[in-house]
Amino acid sequence: MCGIFGYFGKKENAGEIVFHGLRRLDYRGYDSWGIGMLDGDSIVVTKQAGKIPQTITSLPTSSIAIGHTRWATHGGVTKNNAHPHFATDHSFILAQNGIVENYQSLKQKLQKKGYAFSTETDTEVIVRLIEDKNKRANNFIDAVRTAFHDLTGRNTIVLLTKDGTVIGARNGSPLVLGIGKSKGELFLSSDILSFAPYVEKTVVLENQQIVEITNNKFRIISINTGKQEKYRTEKNTISNTRVDKDGFDHFMLKEIYESPFVIEQIYNQDARMLKQLALKIKHAKHVYAIGSGTAGAAAAQIAYYLRIYGSMHAVSLIGAEASDYYHLFTKDDVIIAPSQSGETADVLEALEHARSKKTKIASLVNMPGSMITRMSDYPFMSMAGPEICVMSTKIFVSQIAWGYLLAKTVQGNYSEGKRNLQSLARVMSDYLHSKNVLTQIKSLADRLKQSKHIFLLGKAQNLQIVKEGMVKLVEGSYIHAHALPAGDLKHYAITLMEPGVSVIVVISNDEVKEDVLNAVNEVNARGASVIGISPANHERFTFHLQVSDLGETSAILTILPLQLLAYYLAVALGNNVDKPRNIAKSVTVK
Ligand code: G6P
């Protein structure tokens, strides 16, 4: 959710370097963008509403620049609201990732003091506040530091002064410093991946820290005390990570095809920490699995597996709705947080409360160096490689496969769980390479592309699968979809069943199969058409997508046809597959 990038170096094309950094960060927001460069002893800013273009020309020669890619929160998507924003006297520019929650009261105070505002953003409040603090501060860093004392919310900034100093400050949203492979080059960014090929070492800023870069040197200062702080440099281990489509038309399709690999990455991990966590869970009173969006569906599936195989009192919470549980967290509970980015603000807030109660935290994160990983007692990594498509696919697979293995470990059957995942990875690979499967799913996408509504029904192991399928369909096709428990259909949604309505039903060969088939009959009796995803065909299905019967891991396989359907629908409708409208991959604001 908004990406920030800074470059301080010897090369003369700082603007271009920042531009390419922003292109790699645009999964965080892509409604507008801007770059500010030092040009002699003044600052020039280029900004635009709309997506970042493929290429850029005519930027001034500069060796210091900062930039921003925006996901609008306060103020419309306009060139004027795009960051960076200038100080009144043009002595510095600033870009923010986050939200100033008290921006209205601060703005009123500053307006009373005579400060003028030219945008609708909360970010301009930070700019004016720093200007105001600078009138009394001993030095500029103190002005930035003390401005942060007045801000509420999560706000991380990058700032460039006209004397060539770059400042980054972290309060909540991520900020990483990269120490370049070429001497004298320093990078600042919301994530490591965006500068990975160019840096040798990284320093992940902690919350409440400022980094000041001047004359090719940097120092880290505490926002609270103003004192210089020690920091830990880490070797950049992802410098060779390739980010390309490998011949696929879109990242989404490539990432769906990586599902067997991400499962291997889970079962090949050293089992020791998993066994330690399983032991902790066995002695826990409650387990709360928490996540947002797709990770919320994964959290619910993890909780399901822990109830079924681990016999644990496990519930799932949606990040944005977890606060009514905060007072129930105790030191005898365990929280499990699956998260692609490791930076989701709603989840972080819940984890902060959990920590204050000494609740143990386990997480499964994909991005290295994240806040959630740093807060965890049991920090697991998906190691699935970068997920670039804003719609999450392979990470969902990774998260639920991990949850299954964890639950089997709690049950005392780690080896059986691992064997089942090994078979699953093989079956998934065959499934993805079946021409027949792809032809069928493409033709289904063609049938469904005119739909106004799509319903999805599932039960037990497949309930969260249909919920996540719904998320994918909505994100990819912009068609309204509604997923519900098969058994709940008769209580309300049955009113909407009539000819022309399509209902996707996921069924496994398990003990609830007959219950789901009852729902199929109810749908069929009212003339709606049923698309069955199951091992066996059924006379009431209008369309059948066959999947293998994999027993306990059936549900993990079944997400693939739903992800592929969302993909081919998005393609058939001409939508932006890898960047659906209005959503961002990493949501670092509440
Ligand atoms: C956003 C993304 C979702 C993602 C959710 C949680 O809403 O669009 O795809 O599931 O954030 O992100 P996380 O990084 O915690 O998995």
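The structure presented is a predicted model; accordingly, all values stated were derived computationally and were not measured.

Caption draft 1: Main features of the pairing of strand β10 (residues 186-189). The two faces of β10 match: L186 and L188 on one face and F187 and S189 on the other face are all buried. The sheet contact formed by strand β1 (residues 3-8) and β10 spans 4 bridges and is antiparallel. Note on β10: the bridge partner recorded for Y7 is F187. Pairing of strand β9 (residues 176-180) with β10 involves 4 bridges; the strand directions are antiparallel. Looking at β10, one finds that I179 is bridged to L186.

Caption draft 2: Structural view of the environment of I263. Position of I263 relative to the elements: it lies in helix α6 (residues 259-267). Separated by 134 residues in the primary sequence, I263 and L129 place their C-alpha atoms 49 Å from one another. The residues contacting I263, other than those within four sequence positions of it, are V397, A401, L421, L424, A425, M428 and I556.

Caption draft 3: Spatial organisation of the pattern of salt bridges. A complete count under the given rule lists 24 salt bridges for this structure. One salt bridge in this structure joins R128 and E124, with 2.7 Å as the shortest N-O distance. Separated by 4 residues within a single helix, R128 and E124 lie in helix α3 (residues 123-134), roughly one turn from each other. Taking the relative accessible area as the measure of exposure, R128 reaches 5% and is therefore buried. Salt bridges here are not isolated pairs; linked through shared partners, they connect K113, D132 and R136.

Caption draft 4: Inspection of helix α9 (residues 345-356) at higher detail. Its 12 residues give α9 an end-to-end C-alpha distance of 17 Å, which sits within 8% of 16 Å, the value for a rise of 1.5 Å per residue. Three or more residues of α9 are buried, namely A345, D346, V347, L348, E349, A350, L351 and A354. Contact partners of the buried residues in α9: β15 (287-291), β17 (334-339), β18 (360-365) and α10 (371-375). K358 occupies a position one or two residues after α9 and carries a positive phi of about 65°.

Caption draft 5: Structural view of the sheet that holds strand β23 (residues 529-534). The strand order β21-β20-β22-β23-β24 describes an open sheet built from 5 strands, whose pairing is parallel. Single-partner strands in this sheet number two, and they are β21 (480-485) and β24 (543-546). Within the sheet, the average angular offset between the axes of one strand and its neighbour, ignoring direction, is 20°. With 4 bridges joining them, β23 and β24 adopt parallel strand pairing. Of the residues in β24, the one forming a bridge with S534 is Q546. Those strands touched by helix α13 (residues 435-448) are β20 (453-458), β22 (502-506), β23 and β24, and its axis lies near 145° from that of β24. Helix-sheet contacts for helix α14 (residues 463-477) involve β20, β21 and β22, and the interaxial angle to β21 is about 175°.

Caption draft 6: Geometry of the sheet that holds strand β13 (residues 217-222). Strand order in the open sheet formed by 6 strands is β5-β6-β7-β8-β12-β13, and the pairing between neighbours is antiparallel. What marks the edges here is a single partner per strand, and that holds for β5 (85-86) and β13. Bridge analysis of strand β6 (residues 92-98) against strand β7 (residues 155-161) gives 7 bridges, and the strand direction is antiparallel. Each bridged residue has a counterpart across the sheet, and for I93 the counterpart in β7 is L160. Those strands touched by α3 are β5, β6 and β7, and its axis lies near 135° from that of β6.

Caption draft 7: Spatial organisation of helix α11 (residues 394-411). Taking 1.5 Å per residue, 18 residues should reach 26 Å; α11 reaches 26 Å between its end C-alpha atoms and fits that length. Along α11, 17 of the 18 residues are buried, which leaves the element largely enclosed by surrounding structure. Positive backbone phi, at 90°, marks G412, one or two positions downstream of α11.

Caption draft 8: Quick look at the site of the ligand. In the region of the ligand, 13 residues are neighbours, and S339, Q340, S341, T344 and A584 sit closest. A distance of 3.4 Å separates an oxygen atom of the ligand from a polar atom in the backbone of S292. Note that an oxygen atom of the ligand is positioned 2.8 Å from one of the backbone N or O atoms of A584. In isolation the ligand offers 390 Å² of accessible surface; the protein chains occlude 90% of this area.

Caption draft 9: Structural detail: the packing of aromatic side chains. Overall, the coordinates contain 18 aromatic pairs when judged by the stated rule. Their ring planes at 40° and their centres at 5.3 Å tell us that F248 and Y257 sit as a pair that is tilted. For F248, a relative accessible area of 26% translates into the label partly exposed. For the pair Y305 and Y404, a centre-to-centre distance of 5.5 Å together with 70° between the ring planes defines the contact as edge-to-face. A residue pair is termed long-range when its members are at least 10 positions apart, and Y305 in helix α8 (residues 294-308) and Y404 in helix α11 qualify at 99 residues. Owing to a relative accessible area of 0%, Y404 belongs among the buried residues under this scheme. Seen from the ring of F117, R128 lies directly overhead, with NZ or CZ sitting 5.7 Å from the centre. Above the face of the Y478 ring, R581 is positioned so that its terminal group lies 3.9 Å from the ring centre.

Caption draft 10: Examining the pairing of β20 more closely. Among the 6 residues in β20, 5 count as buried, and that is most of the element. Read as a crossover between parallel neighbours, the route from β20 over α14 to β21 is right-handed. Bridging between β20 and β22 involves 4 bridges; their strand directions are parallel. From the neighbouring strand, I454 faces β22, where its bridge partner is S502.

Caption draft 11: Main features of the nonpolar core. Membership of the largest hydrophobic core comes to 92 residues, with the highest contact counts inside it found for I263, L306 and I336. Per element, the largest residue contribution to this core is 13 residues, and it comes from helix α16 (residues 554-572). Structurally, this core is a two-domain feature, drawing no fewer than three residues from each of domain 2 (246-431) and domain 3 (434-578). Once residues lying within four places of it in the same chain are set aside, the contact partners of I336 are I281, V287, Y288, A289, I290, I302, L306, A362, W402 and L406. The next biggest cluster of nonpolar side chains, apart from the first, holds 28 residues, and it includes F5, I17, F19 and L22.

Caption draft 12: Layout of the domain arrangement of the chain. As far as domains go, the chain holds domain 1 (3-235), domain 2 (246-431) and domain 3 (434-578). Each of domain 1 and domain 3 has a C-alpha centre, and the two are 45 Å apart.

Caption draft 13: Spotlight on unusual backbone geometry. With omega at 0°, the peptide bond leading from H83 into P84 counts as cis. Note on placement: P84 falls in the loop between β4 (64-70) and β5. Located in the positive-phi region is A460, a residue other than glycine, with phi close to 55°. For A460, the location among the structural elements is in the loop between β20 and α14. One non-glycine residue, N582, lies in positive phi territory at about 70°.

Procedures and definitions
Residues numbered from 1 in each chain as written. Predicted model: local features only at pLDDT ≥ 70, side-chain atom pairs only at ≥ 80, totals over all residues. Heavy atoms only, no water. Buried < 20%, exposed > 50% of the residue type's maximum accessible area, 1.4 Å probe, protein only. Helix = DSSP H or I, 4+ residues; strand = E, 2+ residues; numbered from the N terminus. Pairing = 2+ DSSP bridges. Contact = heavy atoms within 4.5 Å. Salt bridge = Lys/Arg side-chain N within 4 Å of Asp/Glu carboxyl O. Expected span 1.5 Å × (residues − 1). Axes fitted to C-alpha atoms, helices over the stretch in contact; angles between N-to-C directions. Near = heavy atom within 4 Å. Polar contact = N/O pair within 3.5 Å; in protein donor to acceptor, adjacent residues only side chain to side chain. Areas by Shrake-Rupley, 256 points an atom, 1.4 Å probe, with all protein chains shown as cover. Phe/Tyr/Trp six-rings, centres within 6.5 Å; stacked < 30°, edge-to-face > 60°. Lys NZ or Arg CZ within 6 Å of the ring centre and 35° of its normal. Right-handed = clockwise from strand over helix to strand, strands pointing away. Core = buried A, V, L, I, M, F, W, Y, C linked by side-chain atoms within 4.5 Å. Domains from an automatic or database assignment.

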